[in-house]
Amino acid sequence: EAGVTQSPTHLIKTRGQQATLRCSPISGHTSVYWYQQALGLGLQFLLWYDEGEERNRGNFPPRFSGRQFPNYSSELNVNALELEDSALYLCASSPGTDTQYFGPGTRLTVL
Amino acid sequence: DAKTTQPPSMDCAEGRAANLPCNHSTISGNEYVYWYRQIHSQGPQYIIHGLKNNETNEMASLIITEDRKSSTLILPHATLRDTAVYYCIVRVYNNAGNMLTFGGGTRLMVKP
């Protein structure tokens with residue numbers, strides 16, 4: 001069974017640009033979670049999507065947004081990039097509210 | 001979700017059992033104990049979870065004390081590839097917010 005996949009693996013942007021990160025959940029999983037892990041810090045919850053709807057969001061500014069598509073894949077958009085947005089962005093999927101399984105992450109570097 | 005306390009680091013000899021403790025003294029009756037690990041710069045990997053009974057799978061065993069205030073993750077025959085940061089989390093299933101909160105974890109170093 002294929003796991004959670006994320007693309008791209010690495011992304012380099014400059015300040016003020018926009019970044020789009022993509023996530024494909026495990027087949028049959030309807031929930032997608034996005035987390036940010038900055039260097040030396042723990043996981044910070046960003047967004048939770050289930051059945052195409054945003055269910056909850058963490059303490060991040062509105063320039064962090066996303067959506068979930070009918071096939072349950074998801075994308076995270078970060079507008080007006082700032083240097084401190086440099087981090088590992090992790091996507092996790094679960095069948096509803098059950099165990100979350102993580103993807104390999106996208107390393108975003110903002111120069 | 002209840003708070004957990006883990007030692008910041010541990011060493012283990014290759015081939016020996018690694019026993020990673022976790023305290024969760026404020027755990028409530030409907031909270032599960034979850035373990036994940038994260039190898040450097042990779043996504044966290046789910047290991048095992050349990051509610052009250054001890055659990056075992058192909059990766060590890062989870063021993064939960066009778067009062068549920070602490071647990072131990074056991075890797076029966078540690079290998080060098082088990083070197084990682086191990087996170088113990090307690091969480092309840094609900095529809096209000098299922099985000100995971102990872103604390104500092106235990107950095108396990110498996111040595112030859």
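Here the structure is shown first, and the text comes after it.
Read on for an overview of the structure. Quick caveat, the model's predicted, so the values are computed rather than measured. (Residues numbered from 1 in each chain as written. Chains lettered and ligands numbered in written order. Predicted model: local features only at pLDDT ≥ 70, side-chain atom pairs only at ≥ 80, totals over all residues. Heavy atoms only, no water.)

1. Quick notes on the nonpolar core
Then step 1. If you look at the biggest cluster of nonpolar residues, it comprises 22 residues, and the most contacted ones within it are L21, W34, L46, L76, Y89 and L108 of chain A.
Then step 2. Those elements that place two or more of their residues in this core are β3 (19–24), β4 (31–37), β5 (43–50), β8 (74–78), β9 (87–94) and β11 (106–110) of chain A.
Then step 3. Counting 21 residues, the second-largest nonpolar core is a separate cluster that includes C12, W35, L62 and A78 of chain B. (Core = buried A, V, L, I, M, F, W, Y, C linked by side-chain atoms within 4.5 Å. Buried < 20%, exposed > 50% of the residue type's maximum accessible area, 1.4 Å probe, protein only. Helix = DSSP H or I, 4+ residues; strand = E, 2+ residues; numbered from the N terminus.)

2. Section: the state of the cysteines
Then step 1. Under the defined criterion, the tally for this structure stands at 2 disulfides over all chains.
Then step 2. Bridging C23 of chain A to C91 of chain A, the disulfide has an S-S length of 1.8 Å. Between C23 of chain A and C91 of chain A the disulfide shows an S-S torsion of about -55°. By sign, it is left-handed. Highlighted residues: C23 of chain A in strand β3 and C91 of chain A in strand β9, separated in sequence by 68 residues.
Then step 3. Judged by its relative accessible area of 2%, C23 of chain A is buried.
Then step 4. Each sulfur in the disulfide pair C22 of chain B and C88 of chain B lies 2.1 Å from the other. Looking down the S-S bond of the C22 of chain B and C88 of chain B bridge, the torsion is -80°, so its handedness is left-handed. Within this pair, whereas C22 of chain B is found in strand β2 (residues 18–23), its partner C88 of chain B is found in strand β8 (residues 84–91), the two being separated by 66 residues in sequence.
Then step 5. Taking relative accessible area as the criterion, C22 of chain B reaches 1% and is therefore assigned buried.
Then step 6. Left unpaired, C12 of chain B is separated from the closest cysteine sulfur, that of C22 of chain B, by 18 Å.
Then step 7. Under the relative-accessibility criterion, C12 of chain B is labelled buried at 8%. (Disulfide = S-S within 2.5 Å.)

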